[in-house]
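Read off the chains here:
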Amino acid sequence: MAITYSTVAKVKARLRKYSTSISDDDIEIYIEHAEGIVNATMRGEFTTTFDADKHALIENVTTDLAAFKLLVYDPSSFTSITEVSILGDLLWTQIEEGLDLLSDDRTVKMLNGL
């Protein structure tokens, strides 16, 4: 599956701290999983060509989901569990809000029209 909505560099930038033992290929797998969740949330209704400038909501949710999966997989690069918990909560709040928007057919219709 080709990655469409995010990049390894964007996921790394979102998380900022991550174990250097995690390869770019591993991060691409997280992005693919995140894209699958986003696509399922939109129920296949997103039919236009993806454009990061026009479809930032999709990009942000995908990037946040992939970063969250990376954080959960290996939080060892953080100094405390509190730091991990706060970052995880912040990411999850953004993910929930984005997925809620993407689950609304009106939002997807609007994104298709951009």
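Scroll up to find the structure this text is about.
Described below are features of the structure shown in this document. (Residues numbered from 1 in each chain as written. Predicted model: local features only at pLDDT ≥ 70, side-chain atom pairs only at ≥ 80, totals over all residues. Heavy atoms only, no water.)

### Examining the overall build of the protein chain
Where we set the bar: What counts as a helix is a DSSP run of H or I of at least four residues, what counts as a strand is a run of E of at least two, and both are numbered from the N terminus. Between buried and exposed lies partly exposed: a residue is buried under 20% and exposed over 50% of the maximum accessible area for its type, with that area taken using a 1.4 Å probe on protein chains only. We get accessible surface area from the Shrake-Rupley algorithm with a probe of 1.4 Å; when it comes to residues, only the shown protein chains can shield them. In this charge count, Lys and Arg are treated as positive and Asp and Glu as negative; neither His nor the chain ends contribute. By convention, the point assigned to a charge is CZ for Arg, NZ for Lys, CD for Glu and CG for Asp.
A tally of helices and strands in the protein chain yields 5 helices and 0 strands. Put simply, the protein chain runs from its N terminus to its C terminus through helices and strands in the order α-α-α-α-α. Burial status across the protein chain gives 37% buried among its 114 residues. As displayed, the protein chain offers around 6,400 Å² of accessible surface, 53% of which is attributable to carbon and sulfur atoms. Of the charged side chains in the protein chain, 10 are positive and 19 negative; the average position of the first set lies 4 Å away from that of the second.

### Details of the packing of helix α1 (residues 8–15) against helix α3 (residues 56–73)
To keep things clear, this is the line we draw: A fitted line through C-alpha atoms represents every axis, and for helices the fit uses only the stretch in contact; the resulting angles, taken between N-to-C directions, go from 0 to 180 degrees. Relative orientations are named as follows: roughly parallel for angles under 35 degrees, roughly antiparallel for angles over 145 degrees, roughly perpendicular for angles from 65 to 115 degrees, and oblique for any other angle. Note: crossing handedness is left-handed where the near helix turns anticlockwise from the far helix by less than a right angle, and right-handed where it turns clockwise. Throughout, a residue-residue contact means that at least one pair of heavy atoms, one from each residue, lies within 4.5 Å. Residues are grouped as follows: Ala, Val, Leu, Ile, Met, Phe, Trp, Tyr, Cys and Pro are nonpolar; Asp, Glu, Lys and Arg are charged; every other residue, Gly included, is polar.
Across the interface, α1 lies against α3 with an axial gap of 9 Å and an inter-helix angle of 65°. The orientation of α1 with respect to α3, classified from their angle, is roughly perpendicular. Taken as a pair, α1 and α3 cross one another with a handedness that is right-handed. Of the residues in α3, those in contact with K10, V11, R14 and L15 of α1 are E59, N60, T63, D64, A66, A67, L70 and L71. Considering only residue class, the contact of α1 with α3 consists of 6 nonpolar, 2 polar and 4 charged.

### Some thoughts on α3
Keep this limit in mind: Helix span, as expected, comes to 1.5 Å for every residue beyond the first.
For α3, built from 18 residues, the straight-helix expectation of 26 Å at 1.5 Å per residue is met to within 8% by its first-to-last C-alpha distance of 25 Å. Among all positions of α3, only I58, E59, V61, T62, T63, D64, L65, A66, A67, L70 and L71 are buried. Against the buried residues of α3 lie α1, α2 (24–41), α4 (81–102) and α5 (105–112).

### A closer look at unusual backbone geometry
Positive phi outside glycine occurs at R16, with the angle close to 70°. Here R16 is to be found in the loop between α1 and α2. By relative accessible area, R16 is classed as exposed at 73%. Here the phi dihedral of R43 falls at roughly 55°; this positive angle occurs in a residue that is not glycine. Topologically, R43 is positioned in the loop between α2 and α3. Judged by its relative accessible area of 45%, R43 is partly exposed.

### Some thoughts on the side chain of H55
As for its position among the elements, H55 is in the loop between α2 and α3. In contact with H55, other than residues within four places in its own chain, are F46, T48, T49, F50, L111 and L114.

### What about the nonpolar core?
Here is the rule: Residues enter a nonpolar core if they are buried and are Ala, Val, Leu, Ile, Met, Phe, Trp, Tyr or Cys, with the set joined through side-chain atoms within 4.5 Å.
L15, V38, M42, F46 and I58 are the most contacted members of the largest nonpolar core, which has 29 residues in total. Where this core is concerned, the elements lending two or more residues are α1, α2, α3, α4 and α5. Per-element tally for this core: the top contributor is α3, with 7 residues. Those residues in contact with L15 that sit more than four places away from it in its chain are A67, L70, L71, F78, L87 and L91.

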